[in-house]
Amino acid sequence: MYLAVALFALGLIGLLTRRNLIFTLLSVEVMLNASGLAFVAGSYRWGRPDGQIMFLFILAMAAAEVSVGLALLLQFHRRAPTLDSEVASEMRG
Amino acid sequence: MLIVFYVASAIAVLATIVAITRNHAVHALLYLIVSLLAIAVIFYVLGAPFLAALELIIYAGAIMVLFLFVVMMLNLGEHATEVETEWLKPGVWAFPSALATVLLGELTYVVVNTSAPSPVMHVITPKEIGMSLFGPYAIGVELASLLLMSGLVGAYHLGRRTSGEEERYGADTDRARVVSGSGIVRVGSDRTSHAA
């Protein structure tokens, strides 16, 4: 459990400090992984398969999120040749 | 088993710390893959061998390859050659290889000691997961399929090239490569959705 908390905190730190969009997506991945680890730890603690099913759902959600996020990132890079998320906050339309 | 857990968790935390502090995106991705491998070992120790396999196949396989595709697509340009030369310096790959070697040592340790009674109180088999997944959680499966479908459509729509772009970027070969390469990403995202 402490490991899950530590990984989640690391992902959050990465999300808040890095301005590169790829690193932001990576940090989101780390956080999703940490929450999945917490679910699996709970499943181990009580010996029930429910936590692992939640991890399966997290996995499916992460796959969808990454594909949409990377498509957005490509589209953004096509409009502005940078990956800085500060630039994105100034865009209109 | 306990020491396996602690070593693997130390590797996971260490690799994640290094991953979010790298400047180079590909290095960060490689460290993140090491971290995912360590988390898969932790899943195995926690009595979830099926999820350990899924973590490797989907996370470390599909999702990281998707990231790698995009990173390589965006970094094409004048950087490419200097990155290649920098890539081969031992300082770059020594630390991740060391971490991965420790994980390999853990694997051999587990395989050698496989006859010892495992302290895991209850290993949850894939059959149990399947019974529960298509029993009480069937509505969740439907929702996940809905989510993957919308993700697929969204990725296709966002990754599609818009009509005005070919004329604007037609002269720039790098840019044209990026635009034509979006087909690869689309195919890759399809594959991820199907695998999940």
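Residues numbered from 1 in each chain as written. Chains lettered and ligands numbered in written order. Predicted model: local features only at pLDDT ≥ 70, side-chain atom pairs only at ≥ 80, totals over all residues. Heavy atoms only, no water.

Caption draft 1: A look at the overall build of chain A. Regarding its fold elements, chain A presents four helices and zero strands. Start at the N end of chain A and walk to the C end: the helices and strands fall as α-α-α-α. Considering chain A as a whole, with its 93 residues, one finds that 56% of them fall into the buried category. Of the contacts made within chain A by residues no fewer than 6 positions apart, 50% connect residues no fewer than 24 positions apart. For chain A, the exposed area adds up to about 4100 Å²; of that, 68% sits on carbon and sulfur atoms. (Helix = DSSP H or I, 4+ residues; strand = E, 2+ residues; numbered from the N terminus. Buried < 20%, exposed > 50% of the residue type's maximum accessible area, 1.4 Å probe, protein only. Contact = heavy atoms within 4.5 Å. Areas by Shrake-Rupley, 256 points an atom, 1.4 Å probe, with all protein chains shown as cover.)

Caption draft 2: Local environment of the nonpolar core. Within the largest apolar cluster, 69 residues are counted, with the highest numbers of intra-cluster contacts made by L70 of chain A together with F43, L51, I63 and F67 of chain B. Elements with a minimum of two residues in this core: α2 (21-46) and α3 (50-79) of chain A together with α1 (2-21), α2 (25-45), α3 (49-75), α5 (90-112), α6 (126-133) and α7 (138-159) of chain B. In this structure F67 of chain B touches I22, L25, L26, E29, V66 and L70 of chain A together with L29 of chain B, once residues within four positions along its chain are discounted. (Core = buried A, V, L, I, M, F, W, Y, C linked by side-chain atoms within 4.5 Å.)

Caption draft 3: Representation of the interface of chain B and chain A. Each side of the interface is counted separately: chain B has 64 residues, and chain A has 51 residues. Of the roughly 5200 Å² buried between chain B and chain A on both sides combined, carbon and sulfur atoms contribute 78%. Contact with chain A buries area across many residues of chain B, yet I20, Y59 and F67 of chain B alone supply 13% of it, more than any other trio. Summed over the shared surface of chain B and chain A, the result is zero salt bridges. Joining chain B to chain A, the criterion identifies one residue pair in polar contact (both at pLDDT 80 or more). Taken together, the elements giving at least two residues each to the side of chain B that touches chain A come down to α1, α2, α3, α6, α7, α8 (165-169) and α9 (173-195) of chain B. The dominant element in the side of chain B that touches chain A, judged by the number of residues it contributes, is α3 of chain B, at 12 residues. Residues belonging to the side of chain B that touches chain A are distributed by class as follows: 43 nonpolar, 14 polar and seven charged. (Buried area = accessible area lost by both parts, 1.4 Å probe. Salt bridge = Lys/Arg side-chain N within 4 Å of Asp/Glu carboxyl O. Polar contact = N/O pair within 3.5 Å; in protein donor to acceptor, adjacent residues only side chain to side chain. Nonpolar A, V, L, I, M, F, W, Y, C, P; charged D, E, K, R; others polar.)

Caption draft 4: Focus on the confidence of the model for chain A. Chain-level pLDDT for chain A is 74 on average; 63% of the residues reach the 70-or-more range. Element-level mean pLDDT values for chain A span from 58 in helix α4 (residues 85-88) of chain A up to 83 in α3 of chain A. (pLDDT = per-residue confidence, 0-100.)

Caption draft 5: Summary view of α6 of chain B. Residue and element names in this part refer to chain B. Three or more residues of α6 are buried, namely I129, S132 and L133. On an axial view of α6, the arc spanned by its buried residues comes to 100°, and they lie on one face. Exposed and oriented more than 90 degrees from the buried face of α6 are K127 and M131. (Arc of directions from axis to C-beta.)

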